[in-house]
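Here's the letter readout for the chains.
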Amino acid sequence: MRRRVFVAALVAIAGCSRAEARAVPGGDVDRGKAVIVASGCGACHDIDGIEGARGKVGPPLDGVAERSVIGGVLPNTVDNMIRWIEDAPSISPHTAMPNLGLSSAQARDVVAYLYSRP
Amino acid sequence: MTGNPLSIFSSASDAAARVTRLAWVMIVLSAIIFVGVVVTMLLAVRRNRRNGTAVDLTERGNGWLIWGGTVMPGIVLVALFIVSLGAMSKYSTATPPAVTIHITGHQWWWQVDYTDAAGMRAVRTANEIHIPVNKPVRVILTTSDVIHSFWVPQLQGKLDLIPGDTNDLRLEAKRPGTFAGACAEFCGPQHAHMMLSVVAESDSAFGAWIAAQSTDGIQSADSTIAAGRQLFVTTECAQCHTVRGAVARADSAPDLTHVGSRLTLAAGTLPNSLGAIEGWIANPQALKPGAKMPTLRAYTGPELRALAAYLESLK
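Residues numbered from 1 in each chain as written. Chains lettered and ligands numbered in written order. Predicted model: local features only at pLDDT ≥ 70, side-chain atom pairs only at ≥ 80, totals over all residues. Heavy atoms only, no water.

### What to know about the interface of chain B and chain A
So, point 1. Facing the 18 residues of chain B at the interface are 21 residues of chain A.
So, point 2. Here chain B meets chain A over a buried area of about 1,300 Å², counting both sides, of which 61% is carbon and sulfur.
So, point 3. Here chain B is connected to chain A by four residue pairs in polar contact (both at pLDDT 80 or more).
So, point 4. Elements with a minimum of two residues in the side of chain B that touches chain A: β14 (270-271), α6 (274-282), α7 (284-287) and α8 (301-313) of chain B. (Contact = heavy atoms within 4.5 Å. Buried area = accessible area lost by both parts, 1.4 Å probe. Polar contact = N/O pair within 3.5 Å; in protein donor to acceptor, adjacent residues only side chain to side chain. Helix = DSSP H or I, 4+ residues; strand = E, 2+ residues; numbered from the N terminus.)

### Examining the pairing of strand β10 (residues 195-201) of chain B
Residue and element names in this part refer to chain B.
So, point 1. The buried count for β10 comes to six of seven residues, which makes it a mostly enclosed element.
So, point 2. Relative to β10, strand β4 (residues 128-132) runs parallel, the two sharing five bridges. Bridging from a neighbouring strand, I129 pairs with V198 of β10.
So, point 3. In this structure, strand β9 (residues 177-183) lies alongside β10, joined through six bridges in antiparallel fashion. Each bridged residue has a counterpart across the sheet, and for A182 the counterpart in β10 is M195. (Buried < 20%, exposed > 50% of the residue type's maximum accessible area, 1.4 Å probe, protein only. Pairing = 2+ DSSP bridges.)

### Some thoughts on the domain arrangement of chain B
Residues and elements named next belong to chain B.
So, point 1. Here chain B is partitioned into domain 1 (15-91), domain 2 (99-203) and domain 3 (223-313).
So, point 2. Placing the centre of domain 2 and that of domain 3 at their C-alpha centroids yields a distance of 23 Å.
So, point 3. Contact with domain 2, which involves 16 residues of that partner, is made by 20 residues of domain 3.
So, point 4. Both faces combined, the contact of domain 2 with domain 3 buries some 1,400 Å², and carbon together with sulfur accounts for 51% of it.
So, point 5. Among the residues of domain 2 in contact with domain 3, W109, R124 and H193 are the three that bury the most area, contributing 33% of the side total. (Domains from an automatic or database assignment.)

### A word on the confidence of the model for chain A
Low pLDDT marks stretches whose predicted atomic positions should not be read closely.
All names here are of chain A.
So, point 1. For chain A, the mean per-residue pLDDT works out to 86, and 82% of the residues sit at or above 70.
So, point 2. Between the elements of chain A, mean pLDDT differs from a low of 50, seen in helix α1 (residues 2-17), to a high of 96, seen in helix α4 (residues 88-91).
So, point 3. For the stretch residues 10-20, pLDDT sits under 50, and the model shows six contacts to residues farther than four places along the chain or on other chains. (pLDDT = per-residue confidence, 0-100.)

### Side note on the packing of helix α2 (residues 29-39) of chain A against helix α5 (residues 104-116) of chain A
All names here are of chain A.
So, point 1. Two numbers describe how α2 lies on α5: the axes approach to 7 Å, and their chain directions differ by 105 degrees. Our classification of the angle between α2 and α5 gives roughly perpendicular. Where α2 approaches α5, its residues V29, R31, G32, K33, V35 and I36 are matched on the opposing element by Q106, D109, V110, A112, Y113, L114 and S116.
So, point 2. Along the lines of polarity and charge, the residues of the contact of α2 with α5 split into seven nonpolar, three polar and three charged. (Axes fitted to C-alpha atoms, helices over the stretch in contact; angles between N-to-C directions. Parallel < 35°, antiparallel > 145°, perpendicular 65-115°, else oblique. Nonpolar A, V, L, I, M, F, W, Y, C, P; charged D, E, K, R; others polar.)

### Brief notes about unusual backbone geometry
All names here are of chain B.
So, point 1. A cis amide bond links Q107 to the next residue, W108, at an omega of -5 degrees.
So, point 2. Structurally, W108 can be placed in the loop between β1 (99-106) and β2 (109-115).
So, point 3. The backbone of N134 sits at a positive phi, close to 60 degrees, despite the residue not being glycine.
So, point 4. Tracing the backbone through its elements, the reader meets N134 in the loop between β4 and β5 (137-143).
So, point 5. The backbone of A267 sits at a positive phi, close to 55 degrees, despite the residue not being glycine.
So, point 6. Position of A267 among the secondary structure elements: in the loop between β13 (264-265) and β14.

In structure tokens, the structure reads:
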């Protein structure tokens, strides 16, 4: 019993050190990674863990879960990030970020990947 | 080994199979020689240690030097030369090619021209060739700048692109598929981003591709795409690029008439997609530093989106 509590405490501490990494309910990190590669996100963004993703058009996306505002306009919540990825121009008409034609589920997977990166 | 598209061990043509066989001959032979040399060396070390004295080479004469150092390598090299002649053998030109493709190397992309039966240019594209499967295809290679080398390991050995000269190659894919190619002669800082794709497909699919590629760029009624087209022909883009059917006819950069249909952008730098097209237009120098396409910093966000939407629509 005591050992179990100890392990639970260790897990909690380990979790604390990556508090920035937010869980995205229903989002799949691996699927998100595949969507990011296929959609060419890396042509504009520097994305940790994606081969060749060293674009310098938009902001780098490492630690994006820690940022407070998305695209300079939206509070950084999971639902807002999904909306932004699905159709950024509808939220911010002057943005360079295109509507990539992703479904809501695909956008959720992308957010899961991005939020999983410290 | 089959997972790597640039592997020489998953050949898809007779010519590439000869290269694969030669590679195995050389690997096995090298391994035998390597083991022989190491074993001989270890024996010498052990013997010397047991005697406690240095080996006097003169007492044994020059047998080892003559036989092991001269005669045996000579035999091995001559044998390898004879074996490799098979892989280098000139391809048969007995059957006339079904398709003739002219490829011109540029720093750092491949210009591709298909000619019709009369030798006239029928289709121009870049960084991607399509060929009918099981048909001999003639590829005529030259370059506009430095020496490049055309290498599609699953289909053929390498052949250089020489300034002021043409080289002639045959490709014949034995199975359909998409095969990767690369420049195999160092040609400048973006040599590694000078890739191409070879799509081998059925006669009907190849015919449909040629027919589609020979049409002019699609005109769309969509307002964003029309705005992108307008930007393309009135700003810097049209000074280097062609989109047939639009007023853009410069040819110092890849023809973009059907860029939306291609597998990759910037000679294999990025998988093709709307997002990749926009990122490439907005800041190519971040993705392929030194490429001839400049980072313009001239377009607003909506303009970039319109340009990307236009080019992506050019299927």
